[in-house]
Amino acid sequence: MTEPVLTVENVTMRFGGIVANQNVNFKVDKGAITALIGPNGAGKTTLFNCITGFYRASEGRIVLSTAEGPRDIGALLSRPIVGGSHLVTRAGIARTFQNIRLFREMTVVENLLVAQHLDTEANLLSGVFKSAVFRRAEAEAVERAFYWLGQMNLVDDANRLAGELPYGRQRRLEIARAMCTSPRLICLDEPAAGLNPAETIELSEVIQRLRADHDLTVMVIEHDMHLVMSISDHVVVFDHGVVIADGTPKEVANDPAVVAAYLGVEEKEVAE
Amino acid sequence: MDNAKIPAKLLKEAVFTFVLSLIVFGPISGLVLTGFTVENKLARPLIIASVVTIGRVLFTLFLETSLGRRLIARMAGTAGSGVTVESGNERFPYAAVAIAFAVGLAFPLMADEYWLGVAILALIYVLLGLGLNIVVGLAGLLDLGFVAFYAVGAYLLALGAQYLGLGFWGALALAPLIAAFCGMVLAFPVLRMHGDYLAIVTLGFGEIIRLVLNNWLDFTGGPNGAAVPAPTFLGLEFTRTARQGGTPFHEFFGISYSADYKFWFIYLVLFLVVAAVIYVVNRLKSMPIGRLWEALREDEIACRSLGVNHVATKLSAFMLGASTGGVAGVFFAVHQGFVNPTSFTFFESALILAIVVLGGLGSTLGVVMAALVLTILPEVLRDFAEYRVLVFGILMVVMMVWRPRGLVRIKRPAFFPSSAPAAVPALAAAEAAQ
Ligand SMILES: Nc1ncnc2c1ncn2[C@@H]1O[C@H](COP(=O)(O)OP(=O)(O)OP(=O)(O)O)[C@@H](O)[C@H]1O
Ligand SMILES: [Mg+2]
């Protein structure tokens, strides 16, 4: 568990005058659960957006190691004409969003089928004439969708509209959908936000099972400290766009800078 | 509502309605311009306002009856989310489709020349509606200049015949390609942008095409338009005497000449093309590409996070929509026998958009029905020609209030696994513990 899947080197992200991330460095180990924590507005989501290719970092490098060798996220984005964030997903990074983004007027299964678009038959003629290849690919995609619904305990909701599901299930569906892209690294942005305690426990089991069974590396942004401390192997703490602590949950919890950031103590006092 | 409050509510409504209608009708009916002086005819707005008020009071009273209440309940039920999921037990209506197909094929035998013309026009709008439905209804890209591709198809036949000797069949085969190419050239630079820009650019493109057709006198014939040759079928011509070097249809079969044969022929080919396009569009909707279009309409950012190349996907919707519009243009040209730029104004784009919206964005059956209604209704209402636009407007308002999601409700397909997957025990236990 030492080989890093993701390396973030000197990443700075600016929006005009606002510096959302400044000189961020850390590594994500293969098979680990890495948590990003920090107060509101600390720049956690912004960093996720840089990692998943929604923003291009103003400075620095983010490198994903894949089976075919290292991939620089910035280079994927700046490929002429075909470049874009979709290449980052294809390289193996999936994500969920802080405000759930499902295809609300499509069914739960359809949401998962969309995520498998690279595996289904793309040939137009073969689809129009329902060729055997097409039918087999579709049937396999439906099977895979139901496999993930089973994993997330959503099978009973398979043929409901995604927008009609209760909030907790929408969160799980979003994770299932991200998993359908067969990622190496999944980035979960506040997956426990809005869940009740029982659902949060269920979620932590789901995350740990995904990691154990599916050769997956997990990054998670979370405000629920209990969840963070219980599941993560590695915690990175942000404040005002800067990494103020980086280590195991225990190290981080005892770090005076982290305590100060969370309790709002003046930095002078910490130095004293 | 309890009955004691009704009189007070009625009074309030009546006064409100009366004042409002006075404000609305006062200036337009109360002041009459004669020469350079303004005559006061204030009795007229008073009468109109009273009529409106009485109508409003009667309407409110009606809604308080049990019948009215049931009506309100029903409307409230249909106005909600317009999307439902199939149960999985639906059977494909083979019989209904077969009957519709047979009736459509046999239609020329029943109709006179006038109604055949109306039917051809209606089918052309069905085709246009189906094309725009891919772009607006499925992919959610607002295209206000769809008429441009219609014009491309029509002028392809007219100018192709004039300069290159292109015939009906050649144009029919080329139109989808050329229209799709135009769609690609237009859309590629703007598809990366947000929806509103696309609407403006397409609006501009529609007007540019029309202005070019209008002003490039030497090439397009300008406002005078261009003639379109009659169609041929395996070298048989539908004119009285052969003009394009073939044999006239009636001579070949040894029957007497009738001008109707040409329209029969156009109708039948058009009908088959429409049937094929309906089939293809329906298949596309249950194919990965169709699901991607709809997913893009729902949430573009989520699509990108799933590895969807949103530019290529939008481009494919735009090109397929444009090519359908191009085919419709060829039929329009060959049916009219003549094209000129006045057929391709913004009003056409708006009408096609109205078809798609009325049909219920994304529903094939809805689009077909809306296209038929919107083209046949004006013919039926010919006696009220002066009020056509008014009736049209009222119809749109009523539709938007009553059925804001379009005529036909969208149904999503249901999927079932071939075998029940094993539930994960730990999870099931956790859920049971709740
Ligand atoms: N697109 C943008 N344009 C300008 N400023 C932005 C943009 N996105 C984020 N910011 C700014 O960057 C800072 C960090 O925001 P970010 O969303 O990353 O915080 P966060 O750590 O995810 O907070 P939260 O816990 O509330 O989700 C904020 O000050 C925010 O206003
Ligand atoms: Mg955030």
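Residues numbered from 1 in each chain as written. Chains lettered and ligands numbered in written order. Predicted model: local features only at pLDDT ≥ 70, side-chain atom pairs only at ≥ 80, totals over all residues. Heavy atoms only, no water.

Under an unreviewed UniProt entry, the name given to chain B is High-affinity branched-chain amino acid ABC transporter permease LivM, and the organism recorded is Rhizobium fredii. Of chain B, the UniProt comment under Subcellular location (unreviewed entry) reads exactly: "Cell membrane". (UniProt positions renumbered as here; feature names shortened; annotations may be inferred.)

Under an unreviewed UniProt entry, the name given to chain A is ATP-binding cassette domain-containing protein, and the organism recorded is Rhizobium fredii. Per UniProt, the comment on chain A under Sequence similarities (unreviewed entry) is "Belongs to the ABC transporter superfamily."

(A) Representation of the site of ligand 1 in the model. Residues and elements named next belong to chain A. Near ligand 1, the surroundings consist of 13 residues, among which Asn40, Lys44, Thr45, Thr46 and Gln98 are the closest. One nitrogen or oxygen atom from the side chain of glutamine 98 is found 2.8 Å from an oxygen atom belonging to ligand 1. When ligand 1 sits alone it has 630 Å² of accessible area, and the protein chains cover 65% of it. Residue contributions to the shell around ligand 1 peak at 3 residues, all from helix α1 (residues 44-51). Per-class residue counts for the shell around ligand 1 are 4 nonpolar, 7 polar and 2 charged. (Near = heavy atom within 4 Å. Polar contact = N/O pair within 3.5 Å; in protein donor to acceptor, adjacent residues only side chain to side chain. Areas by Shrake-Rupley, 256 points an atom, 1.4 Å probe, with all protein chains shown as cover. Helix = DSSP H or I, 4+ residues; strand = E, 2+ residues; numbered from the N terminus. Nonpolar A, V, L, I, M, F, W, Y, C, P; charged D, E, K, R; others polar.)

(B) Quick peek at the packing of aromatic side chains. Applying the stated criterion across every chain yields a total of 21 aromatic pairs over all chains. Both rings, one in phenylalanine 54 of chain A and one in phenylalanine 97 of chain A, keep their centres 6.0 Å apart while their planes meet at 85°; by these two values the pair is edge-to-face. Residue phenylalanine 54 of chain A is located in the loop between α1 and β4 (59-66), and its partner phenylalanine 97 of chain A is located in the loop between β6 (93-95) and α4 (108-115); the two are separated by 43 residues in the primary sequence. On the basis of relative accessibility, which here comes to 15%, the residue phenylalanine 54 of chain A falls in the buried class. Judged by its relative accessible area of 6%, phenylalanine 97 of chain A is buried. Both rings, one in tyrosine 163 of chain B and one in phenylalanine 219 of chain B, keep their centres 5.0 Å apart while their planes meet at 15°; by these two values the pair is stacked. Placement of tyrosine 163 of chain B in helix α6 (residues 147-164) and of phenylalanine 219 of chain B in helix α9 (residues 217-220) is noted, with a sequence separation of 56 residues between them. (Phe/Tyr/Trp six-rings, centres within 6.5 Å; stacked < 30°, edge-to-face > 60°. Buried < 20%, exposed > 50% of the residue type's maximum accessible area, 1.4 Å probe, protein only.)

(C) Region of interest: the environment of glutamate 86 of chain B. All names here are of chain B. Here glutamate 86 shows up in the loop between β3 (83-85) and α4 (94-110). Judged by its relative accessible area of 28%, glutamate 86 falls in the partly exposed class. For the pair glutamate 86 and alanine 154, spaced 68 residues apart in the sequence, the C-alpha separation amounts to 40 Å. The residues touching glutamate 86, leaving out its near neighbours within four places in the chain, are Lys411, Arg412, Pro413 and Ala414. (Contact = heavy atoms within 4.5 Å.)

(D) Main features of the interface of chain B and chain A. With 43 residues of chain B in contact, the opposing surface of chain A contributes 50 residues. Interface of chain B and chain A: buried area, both sides summed, is about 4,300 Å²; carbon and sulfur atoms make up 60% of it. Linking chain B with chain A are 3 salt bridges, by the criterion used here. Here glutamate 110 of chain A ties to arginine 412 of chain B by a salt bridge, and the two come within 2.9 Å at their closest N and O atoms. Between chain B and chain A we count 13 residue pairs in polar contact (both at pLDDT 80 or more) in total. Elements that contribute at least two residues to the side of chain B that touches chain A include exactly β3, α11 (260-285), α12 (288-298), α13 (300-305) and α18 (425-433) of chain B. (Buried area = accessible area lost by both parts, 1.4 Å probe. Salt bridge = Lys/Arg side-chain N within 4 Å of Asp/Glu carboxyl O.)

(E) Summary view of the pairing of β4 of chain A. Residues and elements named next belong to chain A. In terms of strand pairing, strand β1 (residues 4-15) meets β4 through 5 bridges, oriented antiparallel. The residue bridging threonine 7 from the neighbouring strand is valine 63, located in β4. One ladder, built from 4 bridges, connects β4 with strand β5 (residues 69-72); its direction is antiparallel. Within β5, the position partnered with threonine 66 by the bridge is glycine 69. (Pairing = 2+ DSSP bridges.)

(F) Layout of the sheet that holds strand β7 (residues 185-189) of chain A. Residues and elements named next belong to chain A. Reading across from one edge, β6-β7-β8-β3-β9-β10 is the order of the 6 strands in this open sheet, with mixed pairing throughout. A strand with exactly one partner marks an edge of an open sheet, and here the two such strands are β6 and β10 (242-247). The sheet shows a mean angle of 20° between the axes of neighbouring strands, direction not considered. Across 4 bridges, strand β3 (residues 33-37) lies against strand β9 (residues 234-239) in parallel orientation. By the bridge assignment, leucine 36 is partnered in β9 with valine 236. Sheet strands touched by α1: β3, β6, β7, β8 (217-221) and β9. Its angle to β8, the strand with the most contacts, is close to 145°. (Axes fitted to C-alpha atoms, helices over the stretch in contact; angles between N-to-C directions.)

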